[in-house]
Amino acid sequence: MKVQSSKEFKLQREVEYGTPEQNKAVREIVAGIKQEGDAALLRYTERFDGAVLTPAQLRVTQEELEAAYGRVEESFVTAIRAAAVNIRAFHARQKRNSWMDLQPDGTILGQIIRPLKRVGVYVPGGKAAYPSSVLMNVIPAQIAGVPEIVMVTPPSTGGFEGIDPYILVAAAEAGVNEIYRVGGAQAIAALAFGTESIVPVDKICGPGNIYVALAKREVYGAVDIDSIAGPSEIVVLADDTAEAAYVAADLLSQAEHDEMASAILVTPSQRLAEAVAAEVERQLQTLPREAIARASVENYGAIIVVESIEEGISIVNRLAPEHLEIVVADPMALTGAIENAGAIFLGPYSSEPVGDYFAGPNHIIPTNGTARFSSPVDVDDFIKKSSLIYYSKEALLRDGAAIMELARREGLEGHARAIEIRLENEAKGGDGNGEQ
Ligand SMILES: NC(=O)c1ccc[n+]([C@@H]2O[C@H](COP(=O)([O-])OP(=O)(O)OC[C@H]3O[C@@H](n4cnc5c(N)ncnc54)[C@H](O)[C@@H]3O)[C@@H](O)[C@H]2O)c1
Ligand SMILES: N[C@H](CO)Cc1c[nH]c[nH+]1
Ligand SMILES: [Zn+2]
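Residues numbered from 1 in each chain as written. Chains lettered and ligands numbered in written order. Predicted model: local features only at pLDDT ≥ 70, side-chain atom pairs only at ≥ 80, totals over all residues. Heavy atoms only, no water.

- In the annotation of an unreviewed UniProt entry, the protein chain is listed under the name Histidinol dehydrogenase and assigned to Paenibacillus phytohabitans.
- In the Function (unreviewed entry) part of its UniProt record, the protein chain is described as follows: "Catalyzes the sequential NAD-dependent oxidations of L-histidinol to L-histidinaldehyde and then to L-histidine."
- What the UniProt record of the protein chain gives under Catalytic activity (unreviewed entry) is the line "L-histidinol + 2 NAD(+) + H2O = L-histidine + 2 NADH + 3 H(+)". (UniProt positions renumbered as here; feature names shortened; annotations may be inferred.)

Encoded structure:
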């Protein structure tokens, strides 16, 4: 990883997200699914995942789900159950209730909260399988009360029944039983528009690679999406107190996700910068996913030496990273200055994978600078709200003139008259029918 000064550093966020070729490929895949349904879904699944399926094989059966337990270690089941407890406890705090407020004049105002009816969750499974993402998608949806949760994940050619058994066990543990073995942009389009085998959903949540992220952006509007949660990112803001080996390990923890993942160290310490660069190189040599991580740090990685921690904070806010680690003498003191970051990890022991798997907060987090305006997946992603308005006669008589004033200033006489007809009728001692 190259050590550079903050003057040399250029924000790499592309104007167009993904390359033009990737964008074109995704548009074609989405159009193909829209036009041809299952036929295109099977064709793309063969082309991109190497799995030759019939329509009947798209959906995972109950027997396959149960049999997956025989393919995983007991220690995995114990760990995923413990993680689920923490994730459930964290997300339970986000649950909102409907409310109604009765005013002294008899007016009732309120908000009705309802769960979305049918949501699609994407669980990545290309370069690695992500059973942890099953929990991060499904638990908040369940807390919101979503009755139909449908999961998609790519088939792995060498895997068990064409799907990773750890993902299946996580799904069974979470209580999901509508699962399709499809991935990438074709799975997103199938969820959005439906095919002969897949009933369309109201919203799609979940992380994925650049093809998944671009496809979610493409189908937004036909369905809702959580955010653009694409290739993983980490920024470490550290001072001279940080342990170089820990910092390097945390950078590589995200670099190993994807060639397009990004790992950046921002520090005022030239000594730490050089030590981390050497550590990254040393640790890369024994990392099983060395090729992916090396491509990531070479293309999207950086070690930036800043003049001061304040300059570092301003770079962090420009980057708006998915994950930020603050490893300085007093991390809590800097937290208030961080305006843009999806998840903030404080101190030397809050290594990023703690959040990926176990602490409880969601690991599906906006990337590519979109943490400026969007948030990690939470229970709110799976609800919708309706406003409730009951106006009493007393309240309408009191507010009617103001409402008509605003309507007429907008040139909307019909709006004003809808109020006026009631006020006039009441003035005449009306019976509610507009007549004496
Ligand atoms: N931001 C987050 O919250 C978050 C969380 C977890 C994982 N992630 C990211 O999820 C991603 C997982 O990626 P993955 O690749 O392992 O799995 P994936 O399931 O996201 O993508 C695999 C699919 O990509 C499609 N694909 C691959 N090459 C293609 C091509 N050339 N043309 C068209 N489609 C193609 C295939 O359909 C394949 O099924 C990583 O980038 C990781 O960093 C992000
Ligand atoms: N770091 C990923 C989010 O960018 C989440 C994850 C899942 N498994 C491992 N990591
Ligand atoms: Zn991770």
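Some words on the overall build of the protein chain
Now for step 1: Within the protein chain one finds 16 helices and 14 strands.
Now for step 2: Expressed as lengths along the three principal axes of its C-alpha atoms, the size of the protein chain is roughly 90 × 60 × 45 Å.
Now for step 3: Looking at the protein chain as a whole, 52% of its 436 residues are labelled buried.
Now for step 4: Counting only contacts in the protein chain whose residues sit at least 6 apart along the sequence, the fraction spanning at least 24 positions is 72%.
Now for step 5: Surface accessibility of the protein chain: about 20400 Å² in total, with carbon and sulfur atoms responsible for 52%. (Helix = DSSP H or I, 4+ residues; strand = E, 2+ residues; numbered from the N terminus. Buried < 20%, exposed > 50% of the residue type's maximum accessible area, 1.4 Å probe, protein only. Contact = heavy atoms within 4.5 Å. Areas by Shrake-Rupley, 256 points an atom, 1.4 Å probe, with all protein chains shown as cover.)

Observations concerning the nonpolar core
Now for step 1: Core analysis: the biggest nonpolar cluster contains 42 residues, and V134, L135, M151, I179 and F382 have the highest contact counts within it.
Now for step 2: Elements with a contribution of two residues or more to this core: α3 (62–68), α4 (74–92), β4 (118–122), α5 (131–144), β5 (148–152) and α6 (165–174).
Now for step 3: Broken down by element, this core gets its largest block of residues, 8 residues, from α5.
Now for step 4: I29, Y122, A190 and V201 belong to the second largest nonpolar core, which has 36 residues in total. (Core = buried A, V, L, I, M, F, W, Y, C linked by side-chain atoms within 4.5 Å.)

Quick notes on the coordination of the zinc ion (ligand 3)
Now for step 1: Here the zinc ion (ligand 3) is held by H257 (NE2) and D356 (OD), and the distances to it run 2.1 Å.
Now for step 2: Seen from the zinc ion (ligand 3), its 4 donor atoms lie at angles of 84 to 179 degrees, and the figure they make is irregular. A residue pair is termed long-range when its members are at least 10 positions apart, and H257 in the loop between α9 (244–255) and β10 (262–267) and D356 in helix α14 (residues 352–357) qualify at 99 residues. For the pair H257 and D356, a shared accessibility class is recorded, and that class is buried. (Donors = N, O, S within 2.8 Å, 3.2 Å for Na, K, Ca; no water. Tetrahedral: all angles 85-135°; square planar, octahedral: opposite > 155°, others 65-115°.)

Observations concerning the sheet that holds strand β2 (residues 99–102)
Now for step 1: Spatially, 3 strands are ordered β2-β3-β14 in an open sheet, and the strand pairing comes out antiparallel. Where the open sheet ends on each side, the last strands, each with one partner, are β2 and β14 (383–390). Within the sheet, the average angular offset between the axes of one strand and its neighbour, ignoring direction, is 15 degrees.
Now for step 2: Inspection of the sheet shows β2 paired to strand β3 (residues 108–115) by 4 bridges, in the antiparallel sense. Residue pairing in the sheet places M100 in a bridge with G110 of β3. (Pairing = 2+ DSSP bridges. Axes fitted to C-alpha atoms, helices over the stretch in contact; angles between N-to-C directions.)

Focus: the UniProt feature "binding site: NAD(+)" (unreviewed entry) in the protein chain
Now for step 1: The positions that UniProt labels "binding site: NAD(+)" (unreviewed entry) are, in the present scheme, Y122, Q186 and N209. For the residues just named, distributed over 88 residues, the greatest C-alpha separation is only 12.8 Å, placing them together at one site. The annotated residues contributing to the lining of the largest pocket are Y122, Q186 and N209.
Now for step 2: Relative to the elements of secondary structure, Y122 occurs in strand β4.
Now for step 3: Residue classification places Y122 among the buried residues on the basis of a relative accessible area of 3%.
Now for step 4: Discounting chain neighbours no more than four positions away, the residues touching Y122 are N137, V152, P154, G183, G184, A187, I188, C205, G206, P207, G208 and V212.
Now for step 5: Within the secondary structure, N209 is located in the loop between β7 (203–205) and α8 (210–219).
Now for step 6: With relative accessibility at 28%, the residue N209 sits in the partly exposed group. (1 Å grid on protein atoms, 1.4 Å probe; cavity = no way out; pocket = protein on both sides within 12 Å on 5 of 7 lines; lining within 4 Å.)

With respect to the site of ligand 1
Now for step 1: Surveying the vicinity of ligand 1 reveals 29 residues, the closest of which are D49, Y122, K127, S232 and D258.
Now for step 2: Between Y211 and ligand 1, the recorded distance is 3.2 Å, taken from a side-chain N or O atom to a nitrogen atom.
Now for step 3: One nitrogen or oxygen atom from the main chain of G230 is found 3.1 Å from a nitrogen atom belonging to ligand 1.
Now for step 4: When atom positions are compared with the pocket grids, ligand 1 is found to occupy the largest pocket.
Now for step 5: Taken together, the residues that form the shell around ligand 1 break down as 13 nonpolar, 12 polar and 4 charged.
Now for step 6: Two domains each put at least three residues into the shell around ligand 1: domain 1 (20–227 + 379–385) and domain 2 (231–372). (Near = heavy atom within 4 Å. Polar contact = N/O pair within 3.5 Å; in protein donor to acceptor, adjacent residues only side chain to side chain. Sits in = over half its atoms within 2 Å of the grid points. Nonpolar A, V, L, I, M, F, W, Y, C, P; charged D, E, K, R; others polar. Domains from an automatic or database assignment.)

Section: the sheet that holds strand β11 (residues 302–305)
Now for step 1: Taken in spatial order, the 6 strands of this open sheet run β1-β11-β10-β9-β12-β13, and their pairing is parallel. The sheet is open, and its two edges are formed by β1 (3–5) and β13 (343–346), each paired on a single side. Within the sheet, the average angular offset between the axes of one strand and its neighbour, ignoring direction, is 20 degrees.
Now for step 2: Pairing geometry for strand β9 (residues 233–238) and β10, over 5 bridges, is parallel. Note on β10: the bridge partner recorded for I234 is A263.
Now for step 3: Contacts from α9 reach β9, β10 and β12 (323–327) within the one sheet, and its direction differs from that of β9 by about 165 degrees.
Now for step 4: Seen against the sheet, helix α11 (residues 290–300) touches β10 and β11 and runs at an angle of roughly 55 degrees to β10.

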